[in-house]
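# Commentary on secondary and tertiary structure
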Amino acid sequence: MAGRGKTAVAVVTAEFEVLANTMAANAGRPGLRVHVLPYPLETLPEADVRKIAIEHWPMVLATLGAMGE
């Protein structure tokens, strides 16, 4: 997306944060914004996952510039 002039953010769980940054750097995008969610998610009840999503979504939108400050 960055190559097309689009804003991008990678959303990963904490388990993959280092990998996401390494892959971005290897692809020539060391400044890729990475938003990190807690790990693990798959073992949590659905209600907890939804709560995490609701808490994190505004931060992802702000990183993308989709929300005013």
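Preceding block: the structure.
Before going into details, it helps to say that this report is about the structure given with it. (Residues numbered from 1 in each chain as written. Predicted model: local features only at pLDDT ≥ 70, side-chain atom pairs only at ≥ 80, totals over all residues. Heavy atoms only, no water.)

### Concerning the overall build of the protein chain
Each helix and strand in the protein chain was counted, giving two helices and two strands. In the protein chain, the succession of helices and strands from N to C terminus is β-α-β-α. Dimensions along the principal axes, computed over C-alpha positions, put the protein chain at roughly 35 × 30 × 15 Å. Burial analysis of the protein chain (69 residues in total) assigns 19% to the buried set. Within the protein chain, contacts between residues at least 6 apart in sequence are counted, and of these 54% link residues at least 24 apart. (Helix = DSSP H or I, 4+ residues; strand = E, 2+ residues; numbered from the N terminus. Buried < 20%, exposed > 50% of the residue type's maximum accessible area, 1.4 Å probe, protein only. Contact = heavy atoms within 4.5 Å.)

### Topic: the pattern of salt bridges
Enumeration according to the criterion identifies two salt bridges in this entry. Of the charged contacts in the structure, one is a salt bridge between Glu 46 and Arg 50, with a shortest N-O distance of 2.7 Å. Highlighted residues: Glu 46 and Arg 50, both in helix α2 (residues 46-63), separated by four residues, approximately one helical turn. One salt bridge in this structure joins Lys 51 and Glu 55, with 3.5 Å as the shortest N-O distance. Of the two residues, Lys 51 and Glu 55 both sit in helix α2, four residues apart, roughly one turn of that helix. Judged by its relative accessible area of 42%, Glu 55 falls in the partly exposed class. (Salt bridge = Lys/Arg side-chain N within 4 Å of Asp/Glu carboxyl O.)

### So, α2
For α2, spanning 18 residues, the distance from its first C-alpha to its last is 25 Å, which sits close to the expected 26 Å at 1.5 Å a residue. Where α2 bends most, at His 56, the angle is about 30 degrees, and the proline Pro 58 comes one to four residues later. For α2, every residue scored as buried is listed here: Ile 52, His 56 and Val 60. Each element contacted by the buried residues of α2 is listed here: β1 (9-13) and β2 (33-37). (Expected span 1.5 Å × (residues − 1). Bend = angle between axes of the 7 residues up to and from the residue.)

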